[in-house]
Amino acid sequence: MRYLVLFLMLPGSALAQAQAGWGNVGQQEEKGFSWTDPLWPDFWMAWTPATLAVFIGIFSAIAVIGLLEGFRFRDGIERKGCLGLTTTLGDRLFISLLGSVFIFLAWLGFVGQPVWVPLFIAIGWGAFVFWKV
């Protein structure tokens, strides 16, 4: 009881505690870059840097395939691969993107995060599709 009275009589302890930590509880901290923070908070879709990078990658791949088929390979590169399908560059891009989506969904369903392993599996799948299919 004697210690409690001494503690309550020290007004400096409450002041020191307010300055040290509890006085900053309601204030926002300065944060750095985050892949999951929205780029435009009031926009109808949650565009994060990760979703923007994925969409830029997909549209860039479509543009590169379109330019290759338009200028370099005018007749297209049709080939019959190991699946028995006759495919062009665009078909192989579609098959690789579709397979990559299934790889990521299966990984998230069975294992969860992190998603670095399915990223490398999906890159390997894309290389296989463009090489053998």
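Residues numbered from 1 in each chain as written. Predicted model: local features only at pLDDT ≥ 70, side-chain atom pairs only at ≥ 80, totals over all residues. Heavy atoms only, no water.

Peer 1: How do you make sense of the overall build of the chain when you look at a structure like this?
Peer 2: When helices and strands are counted, the chain shows 5 helices and 2 strands. Moving toward the C terminus, one meets the helices and strands of the chain in the order α-α-α-β-β-α-α. Per-residue burial over the chain gives 16% buried out of 133 residues. In the chain, of all internal contacts separated by at least 6 residues, the share reaching a separation of at least 24 is 38%. Surface exposure of the chain reaches about 10900 Å², of which carbon and sulfur atoms provide 70%. (Helix = DSSP H or I, 4+ residues; strand = E, 2+ residues; numbered from the N terminus. Buried < 20%, exposed > 50% of the residue type's maximum accessible area, 1.4 Å probe, protein only. Contact = heavy atoms within 4.5 Å. Areas by Shrake-Rupley, 256 points an atom, 1.4 Å probe, with all protein chains shown as cover.)

Peer 1: Help me understand the packing of helix α3 (residues 49-72) against helix α4 (residues 89-110), please; the structure alone is not making it clear to me.
Peer 2: Each pair of packed helices can be described by the angle between their axes along with the distance between the axes. Running from N to C, α3 and α4 point in directions that differ by 160°, and their axes come no closer than 9 Å. Here α3 is positioned roughly antiparallel relative to α4, judged by the angle of their axes. Classified by chirality, the crossing of α4 by α3 is right-handed. In this structure, α3 contributes Ile 58, Ala 61, Ile 62, Ile 65, Leu 68 and Glu 69 to the contact, and α4 contributes Leu 89, Gly 90, Leu 93 and Leu 97. Residue composition of the contact of α3 with α4, by class: 8 nonpolar, 1 polar and 1 charged. (Axes fitted to C-alpha atoms, helices over the stretch in contact; angles between N-to-C directions. Parallel < 35°, antiparallel > 145°, perpendicular 65-115°, else oblique. Left-handed = near helix turned anticlockwise from the far one by under 90°. Nonpolar A, V, L, I, M, F, W, Y, C, P; charged D, E, K, R; others polar.)

Peer 1: Help me understand the environment of Trp 107, please; the structure alone is not making it clear to me.
Peer 2: Structurally, Trp 107 can be placed in helix α4. Placed 11 residues apart in sequence, Trp 107 and Pro 118 show a C-alpha to C-alpha distance of 6.6 Å. Residues in contact with Trp 107, not counting those within four places in the same chain, are Gly 112, Pro 114, Val 115, Val 117 and Pro 118.

Peer 1: Explain the packing of aromatic side chains here, please?
Peer 2: The geometry of an aromatic ring pair comes down to the distance between the two centres and the angle between the two planes. One pass over the full model with this rule turns up 6 aromatic pairs. With a centroid separation of 6.3 Å and an interplanar angle of 35°, the aromatic rings of Phe 55 and Phe 59 are classed as tilted. One end of the pair, Phe 55, and the other, Phe 59, are both in helix α3, 4 residues apart, so they sit about a helical turn from each other. Since its relative accessible area comes to 35%, Phe 55 is described here as partly exposed. Note on Phe 59: relative accessible area 54%, which makes it exposed. (Phe/Tyr/Trp six-rings, centres within 6.5 Å; stacked < 30°, edge-to-face > 60°.)

Peer 1: What should I look at first to understand unusual backbone geometry in this one?
Peer 2: With an omega dihedral of 5°, the bond running from Gln 113 to Pro 114 counts as a cis peptide bond. By the secondary structure assignment, Pro 114 is in the loop between α4 and α5 (116-132).

Peer 1: What am I meant to see in the side chain of Ser 96 here?
Peer 2: The topology assignment puts Ser 96 in helix α4. A relative accessible area of 6% means that Ser 96 is categorised as buried. A distance of 2.8 Å separates a polar side-chain atom of Ser 96 from the backbone oxygen of Leu 93. Not counting chain neighbours up to four residues away, the residues in contact with Ser 96 comprise Trp 125, Gly 126, Val 129 and Phe 130. (Polar contact = N/O pair within 3.5 Å; in protein donor to acceptor, adjacent residues only side chain to side chain.)

Peer 1: I keep staring at the side chain of Thr 87 and nothing clicks. Help me out?
Peer 2: On the secondary structure map, Thr 87 appears in strand β2 (residues 86-87). Those residues in contact with Thr 87 that lie beyond four places of it in its chain are Ile 77, Glu 78, Arg 79, Arg 92, Ile 95 and Val 133.

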